[in-house]
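# Structure assessment
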Amino acid sequence: QVQLVESGGGLVQAGGSLRLSCAASGRTFSSYVMGWFRQPPGKEREFVAGISRSGSSTKYADSVKGRFTISRDNAKNTVYLQMNTLKPEDTAVYYCAAYRSLFSPSSSLQEYDSWGQGTQVTVSS
């Protein structure tokens, strides 16, 4: 497993932007598919975006397509989530997650076996 630490959360007005970062420990970061999930208040954790080991393949939840962009820098052991045109319904704790795979990113929470501690994103109306 890999250790993950998120940063970049905060309070933003609707229509604004935030960029989340997730730093990973270890020298095998490029072996991992990376994903972002979120858990709104009182709701279950849900998939937001995923990216393959090389970054050539990405996947997004329908609710964030066209607004959020996932990317990674394997030289810096970091994955990012650029969030634009934020809406109040994007308010949630955002989690970074990882699993080893050769294939395209999964949207299934059960596939991911390493998780960060989460970072709060609050979007005010």
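Below or above, wherever it landed, is the structure these notes cover. (Residues numbered from 1 in each chain as written. Predicted model: local features only at pLDDT ≥ 70, side-chain atom pairs only at ≥ 80, totals over all residues. Heavy atoms only, no water.)

### What about the pairing of strand S7 (residues 68–73)?
Going residue by residue along S7, you find Phe68, Ile70 and Arg72 tucked away on one face and Thr69, Ser71 and Asp73 left uncovered on the opposite face. Sheet topology places S7 next to strand S8 (residues 78–83); 6 bridges connect them, and they run antiparallel. Following the sheet pairing, Ser71 is matched in S8 by Tyr80. Remark: 4 residues form the turn of the hairpin made by S7 and S8, two consecutive strands paired antiparallel; Asn77 in that turn has positive phi of roughly 55°. (Buried < 20%, exposed > 50% of the residue type's maximum accessible area, 1.4 Å probe, protein only. Helix = DSSP H or I, 4+ residues; strand = E, 2+ residues; numbered from the N terminus. Pairing = 2+ DSSP bridges.)

### Things to note about the nonpolar core
Met34, Trp36, Val79, Leu81, Met83 and Tyr94 are the most contacted members of the largest nonpolar core, which totals 35 residues. Listed by contribution, the elements that provide at least two residues to this core are strand S3 (18–24), strand S4 (32–39), strand S5 (46–51), S7, S8, strand S9 (92–100) and strand S11 (119–124). With 6 residues, S9 is the largest single contributor of residues to this core. In this structure Val79 touches Leu20, Ser21, Cys22, Phe29, Met34, Trp36, Ile51, Ile70, Ser71, Arg72 and Cys96, once residues within four positions along its chain are discounted. (Core = buried A, V, L, I, M, F, W, Y, C linked by side-chain atoms within 4.5 Å. Contact = heavy atoms within 4.5 Å.)

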